[in-house]
Amino acid sequence: MENIKVKYFTDKIDKLEYIDGKSDWIDLRASEDVVLKKGDFALIPLGVAMELPEGYEAHIVPRSSTYKNFGIIQANHCGIVDGSYCGDNDMWRMPVIAMRDTKIRMNDRICQFRIMENQPKLVFREVERLTGKDRGGFGSTGKQ
């Protein structure tokens, strides 16, 4: 089991914990109130910074209810926090675009994360042909 150093920027948000014991994802919360008008962009502060173990990164995505509850979408659709983002002032934030007028309150659960091992080193070898079964191209199930 890896130990991860976590710094909280406020004591007004709940501490990190697994999602109701149902998942290995962990909720992140807004660490301040944010009011957005339709079309606004914001970096919503999440109130935590972490020092990830060497060879690990965090993947941040919206919760399944985020759009329904708040009308926001994550601008980069999946946020990646690499191990170099580990300083005392490197608070995690969620970049969002408001699709309607909305208010996010401090401690609202707006996204979730998991920590993953970095991708291994890969070598790309150019070939003339691939040997796998051809499914018919992008977006195809292989059926005509």
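Residues numbered from 1 in each chain as written. Predicted model: local features only at pLDDT ≥ 70, side-chain atom pairs only at ≥ 80, totals over all residues. Heavy atoms only, no water.

A. Representation of unusual backbone geometry. Its identity as a non-glycine residue notwithstanding, His-77 has a phi of 65°, on the positive side. With respect to the secondary-structure elements, His-77 resides in the loop between β7 (72–74) and β8 (79–81). Owing to a relative accessible area of 57%, His-77 belongs among the exposed residues under this scheme. (Helix = DSSP H or I, 4+ residues; strand = E, 2+ residues; numbered from the N terminus. Buried < 20%, exposed > 50% of the residue type's maximum accessible area, 1.4 Å probe, protein only.)

B. Highlighting the sheet that holds strand β2 (residues 26–29). One open sheet accounts for 4 strands, arranged β2-β11-β6-β8; its pairing is antiparallel. Edge strands, defined here as strands with exactly one partner in the open sheet, are β2 and β8. Recorded for the sheet is a direction-independent mean angle of 35° between the axes of neighbouring strands. Bridge analysis of β2 against strand β11 (residues 109–117) gives 4 bridges, and the strand direction is antiparallel. When the bridges of β11 are listed, Ile-26 appears paired with Phe-113. (Pairing = 2+ DSSP bridges. Axes fitted to C-alpha atoms, helices over the stretch in contact; angles between N-to-C directions.)

C. Molecular detail of the pattern of salt bridges. A complete count under the given rule lists 6 salt bridges for this structure. One salt bridge in this structure joins Arg-114 and Asp-24, with 2.4 Å as the shortest N-O distance. With a gap of 90 residues between them, Arg-114 in strand β11 and Asp-24 in the loop between β1 (5–8) and β2 connect regions that are remote in the sequence. Arg-63 serves as the salt-bridge partner of Asp-27, at 3.0 Å between the closest nitrogen and oxygen. Of this pair, Asp-27 sits in strand β2 while Arg-63 sits in the loop between β6 (56–62) and α1 (66–70); the two residues are 36 residues apart in sequence, bridging distant segments of the chain. (Salt bridge = Lys/Arg side-chain N within 4 Å of Asp/Glu carboxyl O.)

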